[in-house]
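# Summary of the model geometry
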Amino acid sequence: MLLDISEISPYNFSIVEPKWQEFWYKNQSFKSTFDLRKPKCYVLEMFMYPSGKVHIGHVRNYTIGDIIARFKRACGYSVLHPVGWDAFGLPAENAALKNKSHPKEWTYKNIGIMRKQIKSLGFSYDWTRDFATCDPRYYEFQQKLFLAMYREGLIYRKKSAVNWDPVDNCVLANEQVVDGRGWRSGAIVERRMLAQWFIKITAYAEELLSELHNLDDWPEKVRIMQENWIGKSEGCSIKFKINGEASITVFTTRPETIFGATFLAVSPDHAIVQELSHSDEKIRKFIDDYKKGSVSAEFLEKQEKFGLDTGIFVDHPFLKKKLPVFIANFVLMSYGTGAIFATPAHDERDYEFAVKYGLPILEVIRPDEDAPDKRLPYVGSGGTMVNSDFLNGLSIPEARKAIIDKLCEIGVGERKKFYKLRDWGVSRQRYWGCPIPMIHCEKCGLVPLKDEDLPVLLPDDVAFDNPGNPLDLHATWKQVKCPQCGCDAVRETDTLDTFVDSSWYFLRFCVNDHENPNLLSPDDIQQWMPVDQYIGGVEHAILHLLYARFFTKALADCGFIKIREPFKNLFTQGMVCSVTYQKENGEWLSPDEVTRNLEGIMEETTTGEKVIVGRVEKMSKSKKNVVDPDIIIKNYGTDALRLFVVSDTPPEKDFPWSDEGLEGCWRFINRLWRLFVFSQSQGVCASECGHDLNIDGLKDNVREVYKAFHRTIKNITNALDERGMNRAVAHIRDCVNSLYSCLNDIQENKPVFSVIIRDLIKLLSPMVPHICEEAWSMLGFENLVSDHDWPSYDEKYLAKSTITLPIQVNGKLRGSVEVAVNDPDHVVFQKALAIDNVKNIIGTTKIKKQIFVKGKIINFVV
RNA sequence: GCCCGUGUGGCGGAAUGGUAGACGCUACAGACUUAAAAUCUGUUGUUCAAUUGAACGUAGGGGUUCGAGUCCCUUCACGGGCACCA
């Protein structure tokens, strides 16, 4: 009795999916054990902030990771695929303020909710390694790392310019300053010098930069971004004498322009300015005005250049000439030496400043004749030195070398490198973060805690109703005895930037807490590190990825670990986007608030008001174009969702959400299901797989399907190796389509189809694991498909015996011929020339040249 | 301003320098059905011819090549990063 494929009932994902999720979880199916006999593969997705809800972006990120993890596992790797929570941070405190809850409670509750959501997505995680950064076990160890880095001289405290919110009494990150005002209080942000904790990332600037070139498996884009961020420039420092005694040292990358220097400019934060301000009212006022400006980049951008003559003069090192020294707001204390010599003729900023204050402009580079723009300021790289004493007539590179040599020789200059990279300010005047294990003692100064006195636990009894840091306001928490002298002292009340928490979590995952109490057990780390595949959003290209690289190097130098680069292969996935709808008054509408009317125009369902269909933009709550994964899973199942987020669009590109596309994946899941059920009814099962296959005896179409299947295995394997999930899905669909075209032949060819179906399930399992496990057990296969090897293909089936050879005349396609692969050339040409179309076009013209690329193409040139 | 990336049907996208548009979505048609949905099977770059075919076609212009979406030069558009960095 034949089963009618159209009568197979739909795939019941709502029973099947939870069943397998439960099974995997209970049996710890994806627990990682290191196996020396296998190559290892550490697959990691950037861990999640427990905001309370998993969004589609997470789903895409983790699905990509899960596909890689499952694929690698099947390919015989011993895989580590962990999951955890980046749990400290400001939103928990904001929520606490709003809901009168405790950040801890809020955070762990959210983790609970999200853990459940993540489980419903069927990811192959090793749940035994799950942890949150706010677990005392985790942050205690972080304090230990902090102390080690402090001992190593990598951590210091220094006054630094910060954005200060005078209403909230706290420091704001640059991102939290909007139009010069605090984002929450609305108060005008001040620029303040404040004592802050810093980690000396600049000590690693050179290594962070040079090692980038070895990160071959990182996106070029990210490497360039980091390179620019580190921003190395090479040049030299030059000492300018004041009255033959004191001096000002400047840094320049254009020392060859020194004969065009007409003044010096120093930062308002420069030591010499501080000194002068004591005795000079005008300078004091200038500094006050300057300080009113924020340090935020956005604010600085709008600012005009302004300056003040100090009245001081310095000697030009080569000319009997004095240069005036100006204070200028565009000179940054944080870069170089905080002082420059200005050559207005060849620098845009110097030029603008010189024009404004009527300072001389002296040309020292004559542009080449063919230079596109010879106007001053001339900043081109070509030209000849003029008005420059012994440099006259030299090219710029020649002059640069000559002048540096000379400066070094006479002892006023030195070759120098400078970096844009700044030290990492990690102090946060917040409660919900890792406490800094330091003590302020009046007698002893800064005293680090001893390792054995750790952890410094966060107190639970804190209040959030006052502005400022709850730790600082706590009645007793900060009172402590100095570990050195035993006197009364106070704890540091700043907590660590949460980027610190995420700078070493990947190391922590290597160690199974339950099995090894040493959280950075060197053996475990040596086994698993580096992360073989790291996956996350490109928005972390600089901060997180740079901090994590730095931390790894620093911890290596502190003796904790041996590796120096954490992430071997980095993959940055695109954002999930969706169309936006907006009313004419600008109000955003969600997709279920709009309908297409009879004329095909979008309108608001309730009011009939006209709706503007906006751009496809990143999903965000404010634009109301978000999609809730829970609802999708409820209606279509996890497999359909997982399949959808990786089909059609390459994972590195932005993904345009579409309900129709999702429907398509749902249809495909059912199409698979019907294939499996129908095949089973035709006798396809595990026990049919044992037979030796005699390919030659098969009917032509079945043999072709079998051979094509080997190509499918190859194509999918290659696609997944290159992380082209969209291509893998396309090949799978193509393959399923061709299986559908020979459904009638299944019963007669049970062994062949059993093998095909078995391997098809394996090929599908990284993407849609639930339906695969179900089909696997339904067809009588043993264990889990997740435990089985990846199918292999046989090269001998890849070769085609006949091919369709395209025939071109003068590079234009004019037809094609079926030829056997082993046809001799003259036979192939004969066939090609016999095509009517080809004959007509060539006619009696002489063939000048014939190109035959075997197996590819023939081209006649006439 | 500087640096990087991208540009292919109505849409998402395929294509080691070798038949451009695989696969999917949308749309249309046929089969099944009393009917609809679902399913199965087709068609779907544009313009002519209307069967077989022809011309055009991978942002625009130029070049290399027997042959270019792919390599080189150039212009434009969009996206991203950095931005007083001396």
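This is a predicted model, so every value here is computed, not measured.

As a further point, take the overall build of chain A. The helix and strand tally for chain A stands at 27 helices and 36 strands. Classification of the 862 residues of chain A by burial places 52% in the buried group. Counting every atom, chain A has about 39900 Å² of accessible surface; 50% of that belongs to carbon and sulfur.

Here we take up the protein's contact with RNA strand B. Not every one of the 55 residues close to RNA strand B is listed here, only the nearest: Thr 253, Lys 305, Leu 332, Arg 349 and Thr 649. Protein-proximal atoms of RNA strand B, defined as those within 4 Å of the protein, fall in sugar or phosphate at a share of 68%. Measuring from a base nitrogen of RNA strand B, one finds a side-chain N or O atom of Arg 422 at 3.4 Å. Interatomic distance of 3.5 Å between a side-chain N/O atom of Lys 653 and a phosphate oxygen of RNA strand B. Along the lines of polarity and charge, the residues of the surface near RNA strand B split into 20 nonpolar, 15 polar and 20 charged.

As a further point, take the packing of helix H3 (residues 90–99) against helix H4 (residues 103–119). Running from N to C, H3 and H4 point in directions that differ by 110 degrees, and their axes come no closer than 8 Å. The pairing of H3 with H4 is recorded here as roughly perpendicular in orientation. Crossing of H3 against H4: the hand is right-handed. On H4, the residues touching Pro 91, Ala 92, Glu 93, Ala 95, Ala 96 and Asn 99 of H3 are Pro 103, Trp 106 and Thr 107. Class assignment for the residues of the contact of H3 with H4 results in 6 nonpolar, 2 polar and 1 charged.

Bringing the pattern of salt bridges into the picture now. Pairing of side chains with opposite charge becomes possible as their charged atoms draw close. Counted under the stated rule, the structure contains 48 salt bridges. Here Lys 232 and Glu 206 are joined by a salt bridge, their closest N and O atoms 2.9 Å apart. Here Lys 232, found in strand E8 (residues 232–241), pairs with Glu 206, found in helix H6 (residues 205–210); they are 26 residues apart in sequence, far enough to count as distant. Look at Lys 232 and you get partly exposed, because its relative accessible area is 28%. Asp 823 is the salt-bridge partner of Lys 831, the closest N and O atoms lying 3.1 Å from each other. A cluster of three or more residues bridged by salt bridges with shared partners is formed by Glu 207, Arg 549, Lys 553, Asp 557, Arg 564 and Glu 565.

Attention now goes to the packing of aromatic side chains. In this structure the tally under the stated criterion is 53 aromatic pairs. On the basis of an interplanar angle of 65 degrees and a centroid distance of 5.6 Å, the ring pair of Trp 20 and Phe 23 is categorised as edge-to-face. Of this pair, Trp 20 and Phe 23 both sit in helix H1 (residues 13–26), separated by 3 residues, roughly a single helical turn. The partly exposed category is assigned to Phe 23, whose relative accessible area is 37%.

For the pair helix H21 (residues 700–721) and helix H23 (residues 750–764), interaxial distance at closest approach is 11 Å and the crossing angle is 20 degrees. The angle between H21 and H23 falls in the class roughly parallel. Here H21 and H23 pass one another in a crossing that is left-handed. On the side of H21, the interface is formed by Val 702, Val 705, Tyr 706, Phe 709, Thr 712, Ile 713 and Ile 716, while H23 contributes Val 752, Phe 753, Val 755, Ile 756, Asp 759, Leu 760 and Leu 763. Class assignment of the residues belonging to the contact of H21 with H23 gives a composition of 12 nonpolar, 1 polar and 1 charged.

A few words on the sheet that holds strand E20 (residues 438–441). Read from one edge to the other, the open sheet built from 4 strands follows the order E21-E20-E23-E22, with strand pairing classed as antiparallel. Two strands in the sheet have a free side with no partner beyond their single neighbour: strand E21 (445–448) and strand E22 (479–481). Going across the sheet, the axis of each strand differs from the next one's by a mean of 40 degrees, ignoring polarity. Strand direction decides the pairing type here: E22 and strand E23 (residues 488–491), joined by 3 bridges, are antiparallel.

Time to look at the environment of Arg 508. Mapped onto the elements of the fold, Arg 508 is located in helix H15 (residues 505–508). The spatial distance from the C-alpha of Arg 508 to the C-alpha of Ser 521 is 8.9 Å, given a sequence separation of 13 residues. Aside from chain neighbours lying at most four places away, what touches Arg 508 is Phe 131, Tyr 138, Asp 513, Leu 519 and Leu 520.

Nonpolar side chains collect at one region of the surface, where Val 355, Ile 361 and Leu 376 lie side by side and expose about 220 Å² of accessible area between them. The topology assignment puts Val 355 in helix H11 (residues 348–357).

With that out of the way, let us pick up the side chain of Ser 267. Tracing the chain through its elements places Ser 267 in the loop between strand E10 (263–266) and helix H8 (271–277). By relative accessible area, Ser 267 is classed as buried at 0%. In this view, Ser 267 contacts Val 273, Ile 327, Ala 328, Val 331, Leu 332, Met 333 and Gly 338; residues no more than four positions away in its chain are not counted.

Since one α-helical turn is 3.6 residues long, residues separated by three or four positions face the same way. Helix length check: helix H12 (residues 396–409) (14 residues) gives 20 Å between terminal C-alpha atoms against 20 Å at 1.5 Å per residue, within 8%. Looking at H12, one finds that the buried residues are Ile 396, Ala 399, Ile 403, Ile 404 and Leu 407. Projection of H12 onto a plane perpendicular to its axis shows the buried side chains occupying an angular sector of 125 degrees, all on one side. The outward face of H12, more than 90 degrees from its buried face, is lined by the exposed residues Pro 397, Lys 401 and Glu 409. Buried residues along H12 sit against E8, strand E14 (365–366), strand E15 (384–385) and strand E16 (413–419).

Moving on: the pairing of strand E35 (residues 849–853). With 5 bridges connecting them, E35 and strand E36 (residues 857–861) associate as antiparallel partners. Directly across from Gln 850, in E36, lies its bridge partner Phe 860. Where E35 folds back on E36, the antiparallel hairpin that results is connected by 3 residues, among which Gly 855 adopts a positive phi of roughly 80 degrees.

Paired through backbone hydrogen bonds, the strands of a sheet run either parallel or antiparallel to each other. Ordered by their spatial adjacency, 3 strands build an open sheet running E18-E24-E19, and the pairing between neighbours is antiparallel. Edge positions in the sheet fall to strand E18 (427–428) and strand E19 (434–435), since each of these pairs with one other strand and no more. Bridge count for E19 against strand E24 (residues 495–496) is 2 bridges, and the pairing is antiparallel. From the neighbouring strand, Pro 435 faces E24, where its bridge partner is Thr 495.

Conventions we followed
- Residues numbered from 1 in each chain as written.
- Chains lettered and ligands numbered in written order.
- Predicted model: local features only at pLDDT ≥ 70, side-chain atom pairs only at ≥ 80, totals over all residues.
- Heavy atoms only, no water.
- Helix = DSSP H or I, 4+ residues; strand = E, 2+ residues; numbered from the N terminus.
- Buried < 20%, exposed > 50% of the residue type's maximum accessible area, 1.4 Å probe, protein only.
- Areas by Shrake-Rupley, 256 points an atom, 1.4 Å probe, with all protein chains shown as cover.
- Near = heavy atom within 4 Å.
- Polar contact = N/O pair within 3.5 Å; in protein donor to acceptor, adjacent residues only side chain to side chain.
- Nonpolar A, V, L, I, M, F, W, Y, C, P; charged D, E, K, R; others polar.
- Axes fitted to C-alpha atoms, helices over the stretch in contact; angles between N-to-C directions.
- Parallel < 35°, antiparallel > 145°, perpendicular 65-115°, else oblique.
- Left-handed = near helix turned anticlockwise from the far one by under 90°.
- Contact = heavy atoms within 4.5 Å.
- Salt bridge = Lys/Arg side-chain N within 4 Å of Asp/Glu carboxyl O.
- Phe/Tyr/Trp six-rings, centres within 6.5 Å; stacked < 30°, edge-to-face > 60°.
- Pairing = 2+ DSSP bridges.
- Patch = residues over 30% accessible without salt bridge, like charges linked within 9 Å, V, L, I, M, F, W, Y side chains within 5 Å.
- Expected span 1.5 Å × (residues − 1).
- Arc of directions from axis to C-beta.

Worth remembering: the numbers are spatial, not functional.
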